[in-house]
Amino acid sequence: MSTRRLAWLALALCACSPSADRAREQAQQALARGERDAAIRAIEALHAAAPTTPDAYLEQAVLWIRAGEAPRAVWLLEEGAARFPERSDVRLFLASTALLVGDPARAEAVAGAIPEEADEYPEALLLRAQARIALGDLDGGLAAFREAEAERPGRATSWIPRIAALLQEARFAEARAALDEAQAAVEEASERDLLRRAELALYQYQAAEALRRAGDPAHAGDAAVQARARQEVEAALIGVRALAERTPDDTAAWQLLASLAIAGGRPELAEPALGAALDADPERLALYSLLASLAIARGDEAEAERQLRALAQRADTPAASASLADYLSSRERNDEAMALLDAAIARHGDDEVLLFARAELLLKTGRLDDAEPAIARAEARASSAPTAELLRARLALARGDAALARVQLERLAPRLDTAATQYWLGRALEQSGDLAGAAHRYRISAARDPSAPGPWLELLRLAQERGDAREAGQAAAGALTRAPQLIAGWQGLVDALIEQGVQGAALDTAQRAQALQPDRWETAVLLARAQRASGRKEDALAQLDAAATRFGERPEIAAERVLVLGLAGRLDEARAEAQRAIAAHGDGALYHHALAGVLFQAGQADLGAAEVERALALAPDDLRPLALRCQFRAATARFDLAARDCARFLETHPDHATLWFVLGVAQAGAGHRADAEASYRRAAALDPRAVAPRNNLALLLSSRGDLDGALAAAQEAFAQAEESPEVLDTLGWLYLQKGLVARAVSLLEDAHRRAPALDAAALHLALAYRKAGREDAARPLLEALGKRGAASPELRAQLDAALRR
């Protein structure tokens, strides 16, 4: 809206009637209190009392939008535009609001009708560009942005929308070129400050995209992708650091530098510059907290606390004391945190920041009877009633009334749409049994506060409980991006990668975790687990021996050692280790789980099954031993028992792709082919990269004559594992059945070359040679198979028939 129009609006507001003034004041007060229904009634009263002028339409439209009623603002502005067609500012606001409510076609039409001679024409061009992009016409939108830039080349606001659109599309080179053009055209200092913000956004987007690629499980084992991502993050950090050093009083630049350094695992690229800026001016108070965050990221808790205490000493403010108390509480030093808050309240009086912090700490520590009056005391001093409502909902949740907490938080969320509100609403939904709703709220919480790891840890836990390794890996990566010191994040990510069969990436991840936190026994065990999964048994044993020497004999170290010894074939040692651990640390499910794995490894099915039952009796909620027994039983042709174990496990872990595959194997082995097909499809849907369920599905479909469906499944498996002998064999065999002999021979030769001992590939290749008329090549393969005997009855029957022919 132009300066001239704003002046007329101010003049018009002064001339309103007393009833209009009263309605306007009531609307603004209701909006400030978050009372939406009262605000709507007041705006309706204002509409009835105010004169019918263009500026009244504009004022009321703003109020409707603030009340969350943007569609009513559109209707009102359409009426205003029809009554006052000469007022381009009303049309411009109508186009903007149409875009806000998701009607880009209407926005483009209205903005396009604003004439070139109007003051609002450059803004109309920007709105037309945004509308075109929303309609899917990116090139048209970028062209319209360029027109707007030509209208006012010296204004940063003319350039920033195109830069923002390019950043949204991850077209970083073009965004940089546009930024360079803008910097050459814009001269005024205040305008150049806006371009500096755009440059910070460019670095932020580049780093975020690089971190997304690095954290994608699909690229976890790709060294080239990982190296390139690290280079891009470092380049962004260097760029942000240069901007921050040029304008050391720009807190936003330092904040971005610290957050990117933490997310990229490179605090050393930010910490010296932040320290130098603080040394140059110790009154740059925001830098203390940033340096504390960087110290936490590299595991230096003492330095983090030193920085926060320095901040509290230099700036004896309620916010500084609350920040230090929050740090102490997060380290379970709750008594110190409470003493600090009480001392701060004694100095500053009943400050609402401190009172709310104290009430929240009482909630956290379970002192619910004390928390209720503390909330009331804070509420009496509060300028914001919603904060007290949030604490009251948390109090209800802590007392076990999830239904009441849910109602309170759902009512509160539109008025206090913060990360905390969404997080606690997620907790209330989860306790009410709505797991999908809880996950949705945790994701919103993460979006509201991109720096907070808490929602990602909740998403990780929910994914692990469902058995969804892919989601668990993404949630763990999200948590680690925000807090690299979180052991739970590293454990979740390594476990997810192992579950998805990406052992190399799991090992790399575990090594990064230990390098970051070498003084934690958890990372030592995590590395041993990754080494075991990668087949590096001796390395794992050496790692565990070193961990036991450094950290003492811990149950987790002993249990992992049992598993590694069993995998190495040292079964007697493994049993002895398990018994020794039980004698030393008491009877625990962890040892029986590990011992079951050893016994299954030794082929002692009944003894292993008994150990599983002992583990389940000691920890009924931990069904991992059941999954182990299910897999062993399926592998040893105890199909009905395996299916029963799998079904029991999947009742509480419905998204566990591996167990759905194992269930399919058990069902197919027991002759329940329709059930097996459904299980294989479920496993494939849960894990888009899984090869085994697609390969088995192809064989199953082929056996019932659905060659086209079988080929589709086999080709999906081949797209994920072009070098797998089993996949090459399956696809080659299907091509042979389709009559594509040359292609079949090529694939089956590759399969046999990669795995000469694979009977199926040898037999299928011999049959393909026969089909191609190459009897001399088929005969040696068949004779060799005849001498050693085919493994399965089905293959044996095919071999006998081939030899007879």
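Rules used throughout
Residues numbered from 1 in each chain as written. Predicted model: local features only at pLDDT ≥ 70, side-chain atom pairs only at ≥ 80, totals over all residues. Heavy atoms only, no water. Helix = DSSP H or I, 4+ residues; strand = E, 2+ residues; numbered from the N terminus. Buried < 20%, exposed > 50% of the residue type's maximum accessible area, 1.4 Å probe, protein only. Contact = heavy atoms within 4.5 Å. Areas by Shrake-Rupley, 256 points an atom, 1.4 Å probe, with all protein chains shown as cover. Salt bridge = Lys/Arg side-chain N within 4 Å of Asp/Glu carboxyl O. Core = buried A, V, L, I, M, F, W, Y, C linked by side-chain atoms within 4.5 Å. Patch = residues over 30% accessible without salt bridge, like charges linked within 9 Å, V, L, I, M, F, W, Y side chains within 5 Å. Lys, Arg positive; Asp, Glu negative; His and termini not counted. Charge placed at Lys NZ, Arg CZ, Asp CG, Glu CD. pLDDT = per-residue confidence, 0-100. Axes fitted to C-alpha atoms, helices over the stretch in contact; angles between N-to-C directions. Parallel < 35°, antiparallel > 145°, perpendicular 65-115°, else oblique. Left-handed = near helix turned anticlockwise from the far one by under 90°. Phe/Tyr/Trp six-rings, centres within 6.5 Å; stacked < 30°, edge-to-face > 60°. Expected span 1.5 Å × (residues − 1). Nonpolar A, V, L, I, M, F, W, Y, C, P; charged D, E, K, R; others polar. Polar contact = N/O pair within 3.5 Å; in protein donor to acceptor, adjacent residues only side chain to side chain.

Focus: the overall build of the protein chain
- Within the protein chain one finds 46 helices and zero strands.
- Seen through its principal axes, the protein chain has C-alpha atoms that stretch 105 × 65 × 50 Å.
- Counting the 805 residues in the protein chain, one finds 48% classified as buried.
- Looking at the protein chain alone, contacts between residues at least 24 apart form 51% of all its contacts between residues at least 6 apart.
- Accessible area of the protein chain: about 36400 Å², with a carbon and sulfur share of 51%.

Focus on the pattern of salt bridges
- Enumeration over the complete set of coordinates arrives at 76 salt bridges.
- Put simply, E59 and R24 hold a salt bridge, and the shortest N to O gap is 2.2 Å. Note that E59 is positioned in helix 4 (residues 54-66) and R24 in helix 2 (residues 18-33), a separation of 35 residues in sequence.
- Look at E59 and you get buried, because its relative accessible area is 11%.
- Connected via shared salt-bridge partners are D545, E553, R561, E577 and R580.

What to know about the nonpolar core
- In this structure, L237, V240, W254, L274, L287 and L294 are the most contacted members of the largest nonpolar core, which totals 69 residues.
- Among all residues touching W254, those that are not within four sequence positions of it are A244, E245, P248, A273, L274, A277, L287 and L290.
- A683, L734, A751 and A762 belong to the second largest nonpolar core, which has 62 residues in total.

Re a negative patch on the surface
- Negative charge collects at one region of the surface, where E116, E117, E147 and E151 lie side by side.
- With respect to the helices and strands, E151 occurs in helix 9 (residues 138-151).
- A relative accessible area of 42% places E151 in the partly exposed class.

Brief notes about the confidence of the model for the protein chain
- Here the protein chain averages 86 in pLDDT, and 94% of its residues register 70 or above.
- Every residue in residues 1-16 is under pLDDT 50, and counting partners more than four places away or in other chains gives 20 contacts.

Observations regarding the packing of helix 19 (residues 334-348) against helix 20 (residues 352-364)
- Where helix 19 meets helix 20, the closest approach of the two axes is 10 Å, and the angle between their N-to-C directions is 155 degrees. By the angle between their axes, helix 19 is roughly antiparallel relative to helix 20. The two elements helix 19 and helix 20 cross, and the hand of that crossing is left-handed. Across the interface between the two elements, N334, A337, M338, L341, D342, A344, I345 and H348 from helix 19 touch L354, L355, A357, R358, L361, L362 and K364 from helix 20.

Thoughts on unusual backbone geometry
- Of note in this structure, A170 is not a glycine but carries a positive phi near 60 degrees.
- With respect to the helices, strands and loops of the structure, A170 is situated in the loop between helix 10 (156-168) and helix 11 (172-185).
- Classification of A170 as partly exposed rests on a relative accessible area of 39%.
- Despite not being glycine, A637 shows a phi value in the positive range, around 65 degrees.
- Along the chain, A637 falls in the loop between helix 36 (624-635) and helix 37 (639-652).

A few points about the packing of aromatic side chains
- Using the criterion set out here, one finds five aromatic pairs in the structure.
- Here the aromatic rings of F600 and F632 are separated by 4.3 Å at their centres, their planes lie at 20 degrees, and the arrangement is stacked. Within this pair, whereas F600 is found in helix 34 (residues 589-601), its partner F632 is found in helix 36, the two being separated by 32 residues in sequence.
- F632 gets classed as buried once you look at its relative accessible area, which sits at 13%.
- Among the aromatic residues, those joined into a ring-pair cluster are Y423, W424 and Y442.

A few points about the environment of L31
- Along the polypeptide, L31 turns up in helix 2.
- Owing to a relative accessible area of 16%, L31 belongs among the buried residues under this scheme.
- Taking the C-alpha atoms as reference, L31 lies 18 Å from Y57; in sequence the two are 26 residues apart.
- Excluding its chain neighbours within four sequence positions, the residues that come into contact with L31 are A39, L63, R66 and A67.

Here we look at helix 4
- Compared with the 18 Å implied by 1.5 Å per residue over 13 residues, the 19 Å span of helix 4 between its first and last C-alpha is a close match.
- Most of helix 4 is tucked away, with ten of its 13 residues classed as buried.
- Regarding helix 4, the residues found buried are P54, D55, A56, Y57, L58, E59, Q60, A61, L63 and W64.
- Positive backbone phi, approximately 80 degrees, marks G68, located one or two places after helix 4.

Details of the packing of helix 25 (residues 435-448) against helix 26 (residues 454-466)
- Remark: helix 25 packs on helix 26, axes separated minimally by 8 Å, with the N-to-C direction vectors making an angle of 155 degrees. With respect to helix 26, the element helix 25 is oriented roughly antiparallel. Viewed along their axes, helix 25 and helix 26 form a crossing whose handedness is left-handed. Touching L435, A439, Y442, R443, S445 and A446 of helix 25 are P455, W456, E458, L459, R461 and L462, all from helix 26.
- By residue class, the composition of the contact of helix 25 with helix 26 is eight nonpolar, one polar and three charged.

Quick look at the environment of D137
- The residue D137 is located in the loop between helix 8 (121-134) and helix 9 in this model.
- Taking the C-alpha atoms as reference points, D137 and L294, 157 residues apart in sequence, are found 42 Å from one another.

As for helix 14 (residues 251-263)
- Its 13 residues place the ends of helix 14 18 Å apart at the C-alpha level, agreeing with the 18 Å of an ideal helix rising 1.5 Å per residue.
- Where helix 14 is concerned, the buried positions are A253, W254, L256, L257, A258, L260, A261, I262 and A263.
- Here helix 14 starts with a cap whose side-chain oxygen sits 3.2 Å from the backbone nitrogen of A252, and that cap is D250.
- After helix 14 finishes, the residue G265 shows a positive phi value of roughly 70 degrees.

Topic: the side chain of T730
- Positionally, T730 belongs in helix 42 (residues 725-737).
- With a relative accessible area of 2%, T730 lands in the buried category.
- Residue contacts for T730: discarding those within four places in its chain leaves N695, A698, L699 and A714.

Some remarks on the environment of N334
- Inspection of the secondary structure puts N334 in helix 19.
- Judged by its relative accessible area of 15%, N334 is buried.
- Sequence-distant contacts of N334, that is, excluding residues within four places in its chain, are made with S329, L361, K364 and T365.

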